[in-house]
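Structural features, examined
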Amino acid sequence: MTTALYRRYRPETFGEMIGQSQVTDPLMTALRGDRVGHAYLFSGPRGCGKTTSARILARCLNCAEGPTDVPCGVCPSCVELSRAGGGSLDVVEIDAASHNGVDDARDLRERATFAPSRDRYKIFILDEAHMVTPQGFNALLKLVEEPPEHVKFIFATTEPEKVLGTIRSRTHHYPFRLVPPAAMLEYVEKLCAEEGVIVEQGVLPLVVRAGGGSPRDTLSLLDQLIAGSDAPAGSETVTVGYARAVSLLGYTHGALLDEIVDALAAGDAAAAFPAIDRVVQTGQDPRRFVDDLLERLRDLIVIAAVGAGASAVLRGIAEDDLQRMRGQAEVFGAARLSRTADVVSAALDDMSGATSPRLHLELMVARVLASATDAAAAAPAAPPAERAPAPTRPTAASAPVSAPAASVPTPAPSVSDTPPASAPAVATPAAPSSAGAEAPAQETTATEPAAAEPSATEPSATEPPAPRGPVTFDSIRASWPAVLTRLEGISRTSWLLATAVQPLAYVTDTEVLTLGFTSQHDVAKFKGTTPGSGPSDHLRSAIEHELGVRVKYLPAPMPAGGAPRQSAASGPSAPADSAAASEPASASSSRSQVRGSSASAVTEWAVAPIPTAQEEPASAPPAPSSPLPVDEEPEEVEAAASAPVPPSDGAVDRDEPPLPGDDEAPAFDDEPPYDPSYEPPVSRQPAPREPVPPRAAPQQQPAPQAQRAAAAPPVVIERAPSVGGVQRYGEAVIRQVLGATFLREEPYEPPTRFN
């Protein structure tokens, strides 16, 4: 019959404690200065020395030479509180788990009133103090707050938050922690030497890892291994074997781990899956195996990062094992090690509570092998690009080369050379579009050989391709599918919105890209609600990565045919003010399409009016306009301007009159019948707003009186509220259609069964 290892080596002084200097040093200082409190609270994980420290403190207080920080060990009190002692009458240890009621607290109060039988203090040690009920703590509250001079309290608990706050505030709280692996490994090596036990290489690190930093758990596992081992033939010394430790503690054997790690590093599926099958066939828990594999990958990452100094971090590993692990780390590589560790860690999380852990384990190995195959495929030189490198923003080196090509005269008819106003507005820019498309093509062809020479000397794998000239509308149209593909990788939502948008024109000098939209609602959705993270910003980022130019946007209605086109006036040499004149007009709607004030502000948007069907004749000279300004209006200002007006008391809901150009609006025939009670209309003046930049809006020419009925839309003027406070809308429309005269207004009462 033998005593347990943790009892035989239980510390008897504060100097023998390991890994708890944050507790032992202050206590020894208080004992030396005779500043010991009346109550202490020791908290921490299980098996880390709370009850042992309480006994040592009791020995120091009741020692014949004390109070002292080092007990003598020969006086009756020290002998009774030693490892082999039977306990002292003046040191009472109470298991609070079974003595947690009010009656037990009353009994403790009665015992505390008596003086110690022999020693200096009567010390009460309450283990598992968190099990005491609130009623029991309340019964002890007065005694703990003002105990007699000869009484000391020591509470030990693993859950200090469950101790009553009024009790905890009257004690000195000392938190215990788990012992670090390095200190624990050194301690068990010393203990094995004192016990005369030989331990094979790799056993003690497994014991320390299984103990989890608790000295009592670690010594219990070591005691179990020593008890289950015997001396080899021809020797009397007990030897703890590595194979027995692995099988008893449930860890994966190092040889099997090396085999699997080598197979994963080499991407050898034929060796990896049979090893996984052996893990399962031996009855080992797949979760424990994945945990061991993650621990090995962590060691390889440390070795790859630290190099020769890894032995100072990975204690307890033999030098030959470190050398073998260095080879595995070199085969993996730092990047692959990190990615593999992420895959293994995610698999370990997925296996928690899984009904088929073996399936998750095999899928994890398949994912690791697939990543190894991808890395091997990407290791050779990069294949040649499938498409030509996208042109980027012109630099100083490419400017002289493209200058001669830009000076080549090309037929570019201006807007003033277009046919008279009798031609449709949509077909006006059709003729110069082909000439404008040929000019950028010739320019790109002329600058291509000169720009290709410097790019041939640079490595294409590390640097982006050199620009072949300025970005033109043709290059944007050619790269538009690639831009959408890149946008899909950035944001799927932005990609869905951009698929309905088409580039219509591009001005190289100002970097303004005209985009065609089907409705004003699409423009608001494309701008987004948050500046910097909307669909327009995602598309701008994709264009910048693909073409090397950061564009500004100009919204325009989508042409009737839906095909994007570039006018000759919007080429690189065209002024910025002609871009608005060359925009295609939509003849499908006569309603004026202007920029809505409810749209959120987005930076780097060019502000320009969207042309309508009622354009001035093409023969008229274009009005001078300033360069395209940038929409810098904050989002809060636009949101405040577009906020709905709150309803006021007494107001009557009304139906808005039909907008001009609406298909359901009545035809304008002649003046309505005369109404004697009709009041003269009062025009509403809109609220003054901040001045906005001038816009190049088409000027309307006065039409003859004979053509007013066919050209001018119906105008319905709102009437001022009458004397009674009720404002009526729609009378003009009723008079026009029915020829009716307003007599009186009667409230509507729904019919009921009583009337």
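Here the structure is shown first, and the text comes after it.
Reference entry: report on the structure contained in this document.

Rules behind the numbers
Residues numbered from 1 in each chain as written. Predicted model: local features only at pLDDT ≥ 70, side-chain atom pairs only at ≥ 80, totals over all residues. Heavy atoms only, no water. Pairing = 2+ DSSP bridges. Helix = DSSP H or I, 4+ residues; strand = E, 2+ residues; numbered from the N terminus. Axes fitted to C-alpha atoms, helices over the stretch in contact; angles between N-to-C directions. Contact = heavy atoms within 4.5 Å. Parallel < 35°, antiparallel > 145°, perpendicular 65-115°, else oblique. Polar contact = N/O pair within 3.5 Å; in protein donor to acceptor, adjacent residues only side chain to side chain. Core = buried A, V, L, I, M, F, W, Y, C linked by side-chain atoms within 4.5 Å. Buried < 20%, exposed > 50% of the residue type's maximum accessible area, 1.4 Å probe, protein only.

1. Some points on the sheet that holds strand β4 (residues 151–157)
Read across the open sheet, the 5 strands follow the order β2-β3-β4-β1-β5; overall the sheet is parallel. In the strand order of this sheet, the two ends are held by β2 (91–95) and β5 (172–175), each with one partner. Taken pair by pair, the neighbouring strands of this sheet meet at an average axis angle of 15 degrees, ignoring direction. As defined by bridge partners, β2 adjoins strand β3 (residues 122–127) across 5 bridges and the pair is classed as parallel. Bridge assignment links Val 92 to a residue of β3, and that residue is Phe 124. Along the sheet face, helix α5 (residues 102–112) touches β2, β3 and β4 and points at about 160 degrees away from the line of β3. With respect to the sheet, helix α6 (residues 134–145) is in contact with β1 (39–43), β3 and β4, its orientation differing from that of β4 by roughly 140 degrees.

2. Side note on the packing of helix α14 (residues 286–306) against helix α15 (residues 319–332)
In the contact formed by α14 and α15, the axes pass within 9 Å of each other and the chain directions differ by 85 degrees. Compared by their axis directions, α14 and α15 come out roughly perpendicular. Two secondary-structure elements touch here, α14 through Arg 296, Asp 299, Leu 300, Ile 303 and Ala 304 and α15 through Leu 322, Met 325, Arg 326, Gln 328, Ala 329 and Phe 332.

3. Here's the deal with the side chain of Gln 284
Topologically, Gln 284 is positioned in the loop between α13 (269–281) and α14. Separated by 2.5 Å, the side chains of Gln 284 and Thr 252 make a polar contact. Those residues in contact with Gln 284 that lie beyond four places of it in its chain are Gly 250, Tyr 251, Thr 252, Val 279, Phe 289 and Asp 292.

4. Let's talk about the nonpolar core
By size, the foremost hydrophobic cluster in this structure holds 34 residues, and its most contacted members are Ile 260, Leu 264, Phe 289, Leu 293, Leu 300 and Met 364. Within the residue set of this core, elements represented by two or more residues are α12 (254–266), α13, α14, α15, α16 (334–350) and α17 (357–378). Not counting residues up to four positions away in its chain, the partners in contact with Leu 300 are Val 261, Met 325, Gln 328, Ala 329, Phe 332 and Leu 337. Counting 26 residues, the second largest nonpolar core, distinct from the first, contains Cys 192, Val 197, Leu 204 and Leu 219.

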